[in-house]
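Survey of secondary and tertiary structure
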Amino acid sequence: RSRGSALCRVVGSGFVLRRMCNLCNKYAIKLIYKKLLHLLHRLIKAIETPQPFQKASLKANMPELPWDKRERFRNEYGIKNSDIEIYIQNTKLGKRFEEMAEKMGGEIENVKVLSNYVTSFYVKLLEEIGGEEKSKLTSENFVETIVMLKEGKLSSTSAKEVLTVSATEGTDIEKIVSERSLLQKNDEGSIREIAEEVISENQGVVKEYKNGKETSIQFLIGQGMKKSRGSANPEVLKELLQKIINA
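What comes next is a walk through the structure. Everything numeric in this text was worked out from a predicted model, so none of it was measured. Numbering of residues begins from 1 in every chain and follows the order in which that chain's sequence is written. Given that the model is predicted, a residue must reach a pLDDT of at least 70 before its local features are reported, and side-chain atom pairs must reach 80 or more before they are shown or counted; all residues, however, enter totals for whole chains, interfaces and linings. Computation of side-chain values covers all heavy atoms of the structure but excludes hydrogens and water.

**Details of the overall build of the protein chain**
Along its length, the protein chain carries 14 helices and zero strands. Labels follow the DSSP assignment, with helices taken as runs of H or I lasting at least four residues and strands as runs of E lasting at least two, numbered in each case from the N terminus. Order of helices (α) and strands (β) in the protein chain, N terminus to C terminus: α-α-α-α-α-α-α-α-α-α-α-α-α-α. Classification of the 247 residues of the protein chain by burial places 32% in the buried group. We call two residues contacting when some pair of their heavy atoms lies within 4.5 Å. Considering only intrachain contacts with a sequence separation of at least 6, the fraction spanning at least 24 residues in the protein chain is 64%. Only protein chains enter the accessibility calculation, which uses a 1.4 Å probe. A residue is then buried if its area is under 20% of the maximum for its type, exposed if over 50%, and partly exposed in between.

Written out as structure tokens, the structure is:
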């Protein structure tokens, strides 16, 4: 009875329960320790094992570097170095140019003209109207204007007027050309009338030209372009001016 009473007192005091908990804790700690050693071993192995260098993957995830862009623009578009530098400095404008160049369908000569208008005319136009955010000129309208210019349907003066109106008003290109009568005239009849008026109004300049000052013809051409609001074909106008003066 005394032993039984003693056992009951031991159990009742929680000794056995505490002993069992200690054993469980030691087992759990040992298990966790083994797992940590396993994970540490795998980590060390991964660090010590060199990974193959994926050059292609690394290059694909890197932004295009300036010297790479210079070479690509030169090879793909054949544009001037001064234009390329503008696109490198102004990445947003460069992206816009590439978007429009793609719409040109790979016509290098058209792309060169496009780039010239973007860097020399459009940049100044954006400054005047308050930046790209204020411009209503779409890439499609810009491209259409350049194509019409290259096809001889628009003069350089008319093309700039079309781009300006489209940028400020967002009007369709064909509508601008039609409403403002900007379609370039190639028929000799109407251009001859303009040439005769210019000669009649500028006899002093005509005399200079006859006396050997060849640059005077450029002034007469400019006057003729003003009268036609840029719609006369300058080559046809020049030919008719010379023909009438030398007749």
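**Here's the deal with the pattern of salt bridges**
A side chain with one charge may pair with a side chain of the opposite charge, provided their charged atoms come close. What makes a salt bridge here is a side-chain nitrogen of Lys or Arg within 4 Å of a carboxyl oxygen of Asp or Glu, nothing more. The final tally for this structure, using the stated rule, is 13 salt bridges. Note that K153 is salt-bridged to E151, the shortest N-O span being 3.3 Å. Residue K153 is classed as partly exposed on the basis of its relative accessible area, which comes to 39%. One salt-bridge network, in which partners are shared between bridges, spans E64, R72, E76 and E98.

**Some thoughts on the packing of aromatic side chains**
Between 30 and 60 degrees the pair is tilted, below 30 it is stacked and above 60 it is edge-to-face, where a pair is any two Phe, Tyr or Trp rings, Trp via its six-membered ring, whose centres lie within 6.5 Å. The tally for this structure, following the rule as stated, stands at six aromatic pairs. A centroid spacing of 5.3 Å and a plane angle of 75 degrees characterise the contact between Y122 and F142, whose relative ring orientation is edge-to-face. Separated by 20 residues along the polypeptide, Y122 in helix α7 (residues 108-129) and F142 in helix α8 (residues 139-150) bring together distant segments of the chain. Here the aromatic residues F73, Y77, Y87 and F97 are joined through ring pairs into a cluster of three or more.

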